[in-house]
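Spelled out, the chains give:
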Amino acid sequence: MKKTWWKEGIVYQIYPRSYKDITGNGIGDILGIIEKLDYIKSLGVDIIWLCPVYESPNDDNGYDISDYRNISDEFGGNAAFDLLLSEMHKRGLKLLMDLVLNHSSDEHEWFKESRKSKVNPYRDYYFWQEAKNGKAPNNWKSFFSGSVWKKDEITDEYFLHLFTKKQPDLNWENPKVREEIHDIVEFWCKKGVDGFRMDVISLISKQTDFPDSHVPNDYGETIKTYYANGPKIHQYLNELNQKVLSKYDIMTVGEGPGIDLETGLDYVHEDRDELNMIFHFGHMFIDNGIGGKYDPIEVSLPMFKKVFNDWDDKIYPKGWGSIFLGNHDFSRMVSRFGNTEKYHNKSAKLLALLLFTMRGTVYVYQGDEIGMTNVAYPDISYYNDVETLNSYKEALAQGKDMDAFLKLVHMQSRDNARTPMQWNSSKNAGFSEAKPWLEVNSNYKSINVEAQEKNEDSILHFYRKMSAFRKANKVMVYGNYKCLNEDDPHLYFYKRYDDKETYIILLNFCNDTQKIDNQTFDINNTTLCLSNYADNSNEYLNPWEAQVRKYL
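Just so it is clear, the structure is predicted and the values come from calculations on it, not from any experiment. Just so you know, the residues in each chain are numbered from 1, in the order the chain's sequence is written. Residue-level local features of this predicted model are given only where pLDDT is at least 70; pairs of side-chain atoms are given and counted only at 80 or more, and the full residue set underlies all totals for whole chains, interfaces and linings. Excluded from the side-chain calculations are hydrogens and water; all other atoms, namely the structure's heavy atoms, are used.

## Here we look at the UniProt feature "domain: Glycosyl hydrolase family 13 catalytic" (unreviewed entry) in the protein
When the UniProt feature table is mapped to this numbering, "domain: Glycosyl hydrolase family 13 catalytic" (unreviewed entry) covers residues 13-418. Annotated as 33% helix and 14% strand, the span residues 13-418 places its first and last C-alpha atoms 12 Å apart. UniProt positions are given in the numbering used here, feature names are shortened, and annotations may be inferred rather than shown by experiment. Secondary structure counts use DSSP, requiring at least four H or I residues in a row for a helix and at least two E residues in a row for a strand, with both numbered from the N terminus.

## A look at the layout of surface pockets
A pocket here means an open set of points on a 1 Å grid, computed over the protein atoms alone, that has protein on both sides within 12 Å along at least five of seven lines. A cavity is instead a set of points where a 1.4 Å probe fits but cannot get out; residues with an atom within 4 Å of a point line either one. Grid points are joined across faces, edges and corners, and a volume is the space filled by probe spheres set on the points. If you add up the space inside the largest pocket, you get close to 910 Å³. In terms of lining, the largest pocket is formed by 46 residues, of which the most central are Phe 143, Tyr 219, Gly 292, Lys 293 and Glu 387. Every element with two or more residues in the lining of the largest pocket is listed here: α7 (219-227), β13 (292-296), α13 (386-397) and α14 (402-412). In this count, Pro and Cys sit with the nonpolar residues alongside Ala, Val, Leu, Ile, Met, Phe, Trp and Tyr, while Asp, Glu, Lys and Arg are called charged and the others, Gly among them, polar. Partitioning the lining of the largest pocket into residue classes produces 17 nonpolar, 15 polar and 14 charged.

## Topic: the packing of aromatic side chains
Ring pairs (aromatic) are described by centroid distance and by the angle formed between their planes. In this scheme Phe, Tyr and Trp rings, the latter by its six-membered ring, pair at centre separations within 6.5 Å, and the angle between planes marks the pair as stacked below 30 degrees, edge-to-face above 60, and tilted otherwise. Scanning the entire structure with this criterion turns up 46 aromatic pairs. Judged by centre distance (4.9 Å) and plane angle (70°), the rings of Phe 279 and Phe 324 are edge-to-face. Note that Phe 279 is positioned in strand β11 (residues 277-279) and Phe 324 in the loop between β14 (322-323) and α11 (333-337), a separation of 45 residues in sequence. For the pair shown, Phe 279 and Phe 324 are each scored as buried. Each residue's exposure class comes from its accessible area (1.4 Å probe, protein chains only) as a fraction of the maximum for that residue type: buried when under 20%, exposed when over 50%, partly exposed otherwise.

## Digging into the domain arrangement of the protein
All the domain ranges listed were derived from an automatic or database domain assignment. The assigned domain composition of the protein is domain 1 (5-104 + 175-380 + 417-464), domain 2 (105-169), domain 3 (381-416) and domain 4 (479-551). Its C-alpha centre places domain 2 at a distance of 26 Å from the equivalent point of domain 3. When checking whether two residues touch, look at their non-hydrogen atoms; a contact exists if any pair is within 4.5 Å. If you look at the interface, domain 2 gives five residues, while domain 3 gives six residues. Carbon and sulfur atoms supply 53% of the area buried between domain 2 and domain 3, which totals about 390 Å² over both sides. Any carboxyl oxygen of Asp or Glu within 4 Å of a side-chain nitrogen of Lys or Arg constitutes a salt bridge here. There are zero salt bridges connecting domain 2 and domain 3. Within 3.5 Å is the distance limit for a polar contact, defined as a pair of N or O atoms, with the added protein rule that one can donate a hydrogen and the other accept it, and that residues adjacent in sequence qualify only through two side-chain atoms. Counting every contact that joins domain 2 to domain 3 gives one residue pair in polar contact (both at pLDDT 80 or more). In the side of domain 2 that touches domain 3, the residues fall into two nonpolar, three polar and no charged. By buried area we mean how much accessible surface two parts lose on assembly, using a 1.4 Å probe and totalling the loss over both.

## Structural notes on the nonpolar core
What we call a nonpolar core is a set of buried Ala, Val, Leu, Ile, Met, Phe, Trp, Tyr and Cys residues that are connected through their side-chain atoms within 4.5 Å. Core analysis: the largest hydrophobic core is formed by 152 residues, its most contacted members being Tyr 39, Phe 196 and Tyr 492. Among the elements that make up this core, the one with the highest residue count is helix α12 (residues 344-356) (eight residues). Residue contacts for Phe 196: discarding those within four places in its chain leaves Leu 96, Met 97, Leu 99, Val 185, Trp 188, Cys 189, Leu 245, Ile 250, Met 251, Thr 252 and Val 253.

## Regarding the side chain of Ser 142
Tracing the sequence through the fold places Ser 142 in the loop between β6 (128-129) and β7 (149-152). One polar contact links the side chain of Ser 142 to the main-chain amide nitrogen of Phe 144, over a distance of 2.9 Å. Within the local environment of Ser 142, its side chain forms a polar contact with the backbone oxygen of Phe 163, the two atoms lying 2.9 Å apart. If sequence neighbours within four positions are ignored, Ser 142 has contacts with Ser 147, Val 148, His 161, Leu 162 and Phe 163.

## Side note on the sheet that holds strand β15 (residues 361-365)
When DSSP finds two or more bridges between two strands, those strands count as paired. The sheet built from eight strands is open, its strands ordered β11-β10-β9-β5-β2-β1-β15-β14 with parallel pairing. This sheet does not close on itself; its edge strands, each paired only once, are β11 and β14. In this sheet, strand β5 (residues 94-100) lies alongside strand β2 (residues 47-50) in parallel orientation, the contact comprising four bridges. Note that in β5 the partner of Leu 50 across the bridge is Met 97.

## Quick look at the sheet that holds β6
Ordered in space as β6-β8-β7, the three strands form an open sheet in which the pairing is antiparallel. Where the open sheet ends on each side, the last strands, each with one partner, are β6 and β7. As judged from the four bridges shared by β7 and strand β8 (residues 157-160), these two strands associate in the antiparallel manner. Bridging from a neighbouring strand, Trp 149 pairs with Leu 160 of β8.

## A few points about empty space enclosed by the protein
Where empty space is left becomes clear once a probe the size of a water molecule has been rolled over the atoms. Enumeration according to the criterion identifies four cavities of 30 Å³ or more in this entry. Here the largest cavity defines a volume of roughly 190 Å³. Every residue lining the largest cavity is counted, 16 residues in all, and those nearest its centre are His 280, Trp 311, Asp 312, Ser 322 and Ile 323. Of all the secondary structure elements, the ones that give two or more residues to the lining of the largest cavity are α10 (301-315) and β14. By residue number, the principal contributor to the lining of the largest cavity is α10, which donates five residues. Tallied by class, residues from the lining of the largest cavity come to ten nonpolar, four polar and two charged.

Quick look at the structure:
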C-alpha cells in the first residue's frame with residue numbers, strides 16, 4: 001500500500017461562522033481561526049478542512065457561492081485568507097478548502113446571465129426545462145423539501161436545484177462549465193492550498209432525460225437511483241484529475257451522498273485517477289427512515305458495525321477511506337452515538353478511541369474534542385438551518401404534531417453541530433462579544449475548552465493522547481482491520497494488525513458492565529496500551545469503557 005501524508009494526517013474541520021469571532025459582529029471569522037491555530041496544532045492534527053468562506057448570499061451558509069475566487073468580507077476577505085494560509089504553513093498545518101461544484105448561488109454572474117434569455121451564452125451553464133403538462137418537468141424532491149424545479153418568469157422555463165431555490169445546479173455536460181471549474185481549482189492550487197473537500201461531488205453528472213422517480217417518497221433510494229452516480233461522473237472526475245489535480249501534491253475527498261458499496265471503490269481506486277477518498281454516509285444515514293432524517297428508525301450496534309466492516313472490506317487495499325462520526329451536517333456525535341446523560345465523558349472518549357483506531361484518514365469536527373452536545377432550543381424561531389426550517393414548514397403544512405416534530409428537530413437538526421464553539425465559561429462561551437449568529441448551547445459553562453485544559457481527565461486531553469498514539473503506531477493507519485464480534489449487541493471488538501504487531505480494540509457501547517470472553521479473545525496474552533478508565537480489567541468492561549490492548 002502506498003504511504004502518503006494525507007493517509008497519515010489527522011483532519012480538523014472548522015465551520016468558520018461558529019468558531020471564533022474577532023471582529024465583534026457575532027459571526028466567526030478567519031482572524032478568529034488564526035488566533036486559535038496554536039490550540040489547533042496542540043490537538044495533534046495536521047490538516048484543517050475549512051468550510052466555505054467564499055463570497056455568498058448565505059442562503060445555505062456559504063454552500064451557495066456567488067464568487068469562487070474571492071473570500072467573503074464577512075469572514076475577513078482575501079487578505080485575511082492569505083494570512084491564514086501563511087500562518088498555517090508556518091506551523092506545518094495544511095489547508096483543505098471546501099469546494100462546491102455541483103451548484104452555484106443564483107446570485108453568481110453566470111446564473112444572472114443564464115436567466116436573461118433562452119439564447120444567452122450562459123444559458124447552458126445550468127439546466128433549463130419546459131413545463132410538462134403545465135407542471136414541473138418531473139417529480140424529483142429537493143434535499144431541502146419541495147420540488148427540485150423552480151419556474152423563472154423571465155423565460156417561462158424551470159431551472160434545476162437539487163438543494164435550495166437559490167442553488168441552481170451547474171451543467172457539467174457543457175464543456176465551457178468544466179473549463180471554468182478547472183480554472184477555479186487551478187486558481188486555488190496556485191495559491192498554495194493543500195487540497196479540496198468537494199461538496200456533493202457524486203451528484204455532478206445528471207440523467208439529462210430527467211425521468212420521474214419511481215419511489216418519490218423514498219428519500220434514500222431516489223438519491224441513489226436518480227441523483228447520484230450519473231452516467232458521466234467518472235469521466236468528469238478523471239478529466240478534472242488529469243487536467244488539474246494530478247499536477248499538484250494535494251489531497252481530495254469527495255462528499256458522496258448516494259454512493260454505496262457497489263459504486264464506492266470506483267471513485268477512489270488508486271489506478272483510476274479520480275479522488276483520494278470519499279465520505280460515504282452508510283453510518284451517518286443509518287437512522288434515516290424512508291422519509292429521511294425526520295422519519296428516524298431504531299439502530300442496533302450490529303448495524304453500525306456492519307457499515308464499518310463492509311466498507312473496509314470493499315475499499316482496501318486499492319482505495320482509501322475517511323473515518324468520521326460527525327460534521328456540520330449531522331447531530332453531535334456524542335449525542336447521537338454516545339450517552340450524554342450519565343456517561344458524557346466516557347462515551348465521548350470511547351467514540352474518540354474508535355475514530356483514532358480505525359483504518360482511513362481521521363476527521364475531527366470542531367467541538368467534538370471537548371464533547372460538545374446537541375442543543376434543544378425551546379422553539380423553531382431559534383433555528384437558522386434552511387433544511388431544518390423547510391422540514392418544519394413541510395411538517396406544519398401536513399398537519400403533523402409540531403411538539404413531537406420539535407423533539408425530532410432537537411435530535412436531527414444540522415444546527416446541533418453549528419452552535420458556537422465553547423471556549424470558556426464567560427459571556428457567549430468566549431465565542432464573541434456580540435450576540436452570536438446562533439444561540440450558544442446553554443451547557444457551555446460546564447463544557448468548554450478552558451475548563452478541560454485544566455482537567456487531566458478531560459475529553460480534550462484524551463483526544464491529544466489518541467492523536468499521539470495514532471502517530472506513534474502506524475499500524476493504526478495502514479494495518480489490516482478485522483471485526484471480531486459482528487453480532488454482539490453491546491460490544492464492538494476489532495483487531496488492527498500487520499506482519500509485526502497486533503492490537504485488539506475493546507469497546508462497550510452500553511450503560512452496563514460487560515464480561516469479556518477472555519478465552520475467545522486471548523486477552524491474558526495482551527498488555528493494556530490505553531483506556532478511557534483508570535481502573536481496568538481484562539475480565540470485564542465498565543459502562544462505555546474503551547481499551548486498546550497489544551498482543552504480546
